[in-house]
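Reading the structure
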Amino acid sequence: MNTGNTGFTATIITTAITTAFAVVAGIVNHIMSGNRDRENQQTSASLKYTGQQLEELYGPLAFLIWEGRRTYTDLAEKLIEMRGKKHIFDSLKVGEKNAHIIFPLRDEEEIKLWIFWIEKDAFPRHEKIKELLMAKTHLIKGEIMPDSYLDFLDYHNSWKIEHLRWQEQQIEYSWKSKFSFPFKFENDIIETFTYLKGQQANFLKLNRTYTKIANKA
């Protein structure tokens, strides 16, 4: 038996459905907004950390390495000039610029030039690199200290001690480290610097996107 108004009942049902959809839409929008906020926070945190890595560690390391490559090239060219020989030094790739270009040192003049470069250029720069690695260990990319970083420290520390013994105790040595220069260390630093710069650019794009979405909301 029909005891009510059909139109009134339909209105109630329609209103209930509309309300239910509005509630569901509100919940979905709240969830999506929360997800965007979390993603935005994660992106902002990643951007901040990457910027810190570049500013405090990998940027300074990269520029010290580029500086060292330039001064080493200048030194080698000066020795070649002193020896009166032509040498296609600049055509060599960075990883091929080995000590044999410098050694053996031929005379006292070359030894004096080499020692001047060691004490005024190489060692101070190596110490700066060492101090950065020690003070900014928490910014090193990855979960462990890369082997090439340890190889650099062995190379520098061994050479520095040998040179100090020569300075203070007149104990002769070969004028170079007993370890080969770790070219992989330089390459690893430059590659990481380049990678982080790319990451920073990507995070900046994401951050701008989230900001635009938030402003429209």
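Parameters and conventions
Residues numbered from 1 in each chain as written. Predicted model: local features only at pLDDT ≥ 70, side-chain atom pairs only at ≥ 80, totals over all residues. Heavy atoms only, no water. Helix = DSSP H or I, 4+ residues; strand = E, 2+ residues; numbered from the N terminus. Buried < 20%, exposed > 50% of the residue type's maximum accessible area, 1.4 Å probe, protein only. Contact = heavy atoms within 4.5 Å. Phe/Tyr/Trp six-rings, centres within 6.5 Å; stacked < 30°, edge-to-face > 60°. Core = buried A, V, L, I, M, F, W, Y, C linked by side-chain atoms within 4.5 Å. Axes fitted to C-alpha atoms, helices over the stretch in contact; angles between N-to-C directions. Parallel < 35°, antiparallel > 145°, perpendicular 65-115°, else oblique. Left-handed = near helix turned anticlockwise from the far one by under 90°. Nonpolar A, V, L, I, M, F, W, Y, C, P; charged D, E, K, R; others polar.

What follows is about the environment of Ile115. Residue placement: Ile115 occurs in helix 2 (residues 108–135). Among the residues examined, Ile115 registers a relative accessible area of 12% and is labelled buried. With near-sequence residues (within four places) excluded, Ile115 lies in contact with His163, Trp166 and Trp175.

It is worth spelling out the packing of aromatic side chains at this point. In this description, an aromatic ring pair is defined by two values, namely the gap between the centres and the angle between the planes. Across all of its chains, the model carries 15 aromatic pairs by this definition. Between the aromatic rings of Phe103 and Trp114, the centroid separation amounts to 5.1 Å while the plane-to-plane angle is 80 degrees, which identifies the pairing as edge-to-face. Here Phe103 is found in the loop between helix 1 (6–83) and helix 2, whereas its partner Trp114 is found in helix 2, with 11 residues between them in sequence. Judged by relative accessible area, which is 13%, Phe103 ranks as buried. The class of Trp114 is buried, set by a relative accessible area of 4%. Three or more aromatic residues joined by ring pairs form one cluster here, namely Tyr72, Phe103, Trp114, Trp117, Phe123, Tyr155, Trp159, Phe181 and Phe183.

Of all hydrophobic cores here, the largest spans 20 residues; its most connected members are Tyr58, Leu133 and Phe185. When contributions to this core are tallied by element, the ones reaching two or more residues are helix 1, helix 2, helix 3 (147–169) and helix 4 (183–216). A total of seven residues in this core trace back to one element, the largest contributor, which is helix 1. Excluding anything up to four places from it in sequence, Phe185 contacts Ile65, Ile129, Leu133, Ser148, Tyr149 and Phe152. Counting 19 residues, the second largest nonpolar core, distinct from the first, contains Tyr72, Phe103, Ile111 and Trp114.

Between helix 2 and helix 3, the shortest axis-to-axis distance is 11 Å and the interhelical angle comes to 135 degrees. The angle between helix 2 and helix 3 places the two elements in the oblique class. In this structure, the crossing between helix 2 and helix 3 has a hand that is left-handed. In contact with Trp114, Ile115, Trp117, Ile118, Glu119, Phe123, His126, Glu127, Ile129, Lys130 and Leu133 of helix 2, helix 3 contributes Tyr149, Phe152, Leu153, Tyr155, His156, Asn157, Trp159, Lys160, His163, Trp166 and Gln167. Each residue belonging to the contact of helix 2 with helix 3 can be placed in one class, and the counts come to 13 nonpolar, five polar and four charged.

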